[in-house]
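Now for the letters of each chain:
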Amino acid sequence: MFPSLAAAHYAPALPLSAIAQPSRQFGLPFAGAPGPDSWLLGQGYGNTTGAYRQRRSTYGNLQGIHAGLDFSAPCGTPVRAIGDGTVAEVDGPHGSLPHNVVIDHAGNLSSLYGHLLKRAPLRIGQKVTRGQVIGQSGDSQGTCISAPHLHLELRDRAHQRFFNPLPYIAADWDTLALAGSFGRGYEYDLSAPRKWQSPDSQPAALRGGRLLNEFARPWPIAPGGAR
Ligand SMILES: [Zn+2]
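Structure report, in brief.

The rules we used
- Residues numbered from 1 in each chain as written.
- Predicted model: local features only at pLDDT ≥ 70, side-chain atom pairs only at ≥ 80, totals over all residues.
- Heavy atoms only, no water.
- Helix = DSSP H or I, 4+ residues; strand = E, 2+ residues; numbered from the N terminus.
- Contact = heavy atoms within 4.5 Å.
- 1 Å grid on protein atoms, 1.4 Å probe; cavity = no way out; pocket = protein on both sides within 12 Å on 5 of 7 lines; lining within 4 Å.
- Points joined across faces, edges and corners; volume = space filled by probe spheres on them.
- Nonpolar A, V, L, I, M, F, W, Y, C, P; charged D, E, K, R; others polar.
- Patch = residues over 30% accessible without salt bridge, like charges linked within 9 Å, V, L, I, M, F, W, Y side chains within 5 Å.
- Areas by Shrake-Rupley, 256 points an atom, 1.4 Å probe, with all protein chains shown as cover.
- Salt bridge = Lys/Arg side-chain N within 4 Å of Asp/Glu carboxyl O.
- Buried < 20%, exposed > 50% of the residue type's maximum accessible area, 1.4 Å probe, protein only.

As for its placement among the helices and strands, Gly185 is situated in the loop between α3 (173-179) and β12 (188-189). If we ignore the near neighbours within four places in the chain, the residues touching Gly185 are Asn47, Thr48 and Thr49.

Put into structure tokens, the structure is as follows:
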């Protein structure tokens, strides 16, 4: 979108060998029990129907992948650091407007917290600990009615690779996926109908890579989905 800015900001991609493997080393971004009045898992990471529909626009630079997990939550719900780390960005150039935070962690991993309600009261370079409140959840539409949710991403520190957060975060994902309320569907390629259909079998994404979901036989068919 802004190549010169991107070139100035983003470091070269780190080799995968330099990035920590998933070992459930992080926690959830919300405290307390999930539920309709607190927080629920919404759209999953990966090959979602929503990302498929916008694979050539919103997600076109992310290989057509929803590069994070959405947690539905009322605006103002305290958002917590998923692990110990250092604040790297407050309202940096990483999308997920209106406000976002990036925290750098061990193992060349970074977490991004998007669609926050307000600018987070954090300093760049500030140390945070796992579970510390780092902001308040907001709404991607800015209304606190239409789509209040947190968008959580797990990236490499160079902001080039995007990972499925599930195996990195210790949580009861089976129960969370069953209880979640919206947007959980994954796009089918009827030529390979079991591919990328479960929350824990989703591909990593590389910034600027080719679309992963330009399927030969997509289902559901969306505008622009036919060949
Ligand atoms: Zn999202």
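From this point, things continue past the structure.
Roughly 240 Å³ of volume is contained in the second largest pocket. Residue lining of the second largest pocket: 13 residues in total, with Leu166, Trp173, Ala177, Tyr186 and Pro199 positioned closest to the centre. Top element by residues in the lining of the second largest pocket is α3. It accounts for four residues. Residue composition of the lining of the second largest pocket, grouped by class: eight nonpolar, two polar and three charged.

So, about a nonpolar patch on the surface. On the surface, Tyr188, Leu190, Trp219 and Ile221 cluster together into a nonpolar patch covering about 410 Å² of accessible area. By secondary structure assignment, the location of Leu190 is in the loop between β12 and β13 (205-206).

Okay, the pattern of salt bridges next. One pass over the full model with this rule turns up five salt bridges. A salt bridge links Asp91 to Arg119; the nearest nitrogen and oxygen atoms lie 3.6 Å apart. Note that Asp91 is positioned in the loop between β4 (85-90) and β5 (99-105) and Arg119 in the loop between β6 (109-116) and β7 (127-128), a separation of 28 residues in sequence. Here Asp91 falls in the partly exposed class, since its relative accessible area comes to 29%. The closest approach of N and O atoms between Glu153 and Arg155, which form a salt bridge, is 2.6 Å. Arg155 carries the same exposure label as Glu153, and that label is buried. Overlapping salt bridges, with partners in common, bring together Arg55, Arg56 and Glu214 in one network.

Backbone torsion omega between Leu97 and Pro98 reads 10°, so that peptide bond is classified as cis. Tracing the sequence through the fold places Pro98 in the loop between β4 and β5. In this chain, Trp219 is followed by Pro220 through a cis amide linkage whose omega measures -5°. With respect to the secondary-structure elements, Pro220 resides in the segment after β14 (218-219). Located in the positive-phi region is Asn108, a residue other than glycine, with phi close to 60°.

Before going further, it helps to spend a moment on the environment of Ala11. With respect to the helices and strands, the residue Ala11 is situated in the loop between α1 (3-9) and β1 (40-41). For Ala11, a relative accessible area of 36% corresponds to the partly exposed category. In contact with Ala11, not counting residues within four places along its chain, are Ala158 and Gln160.

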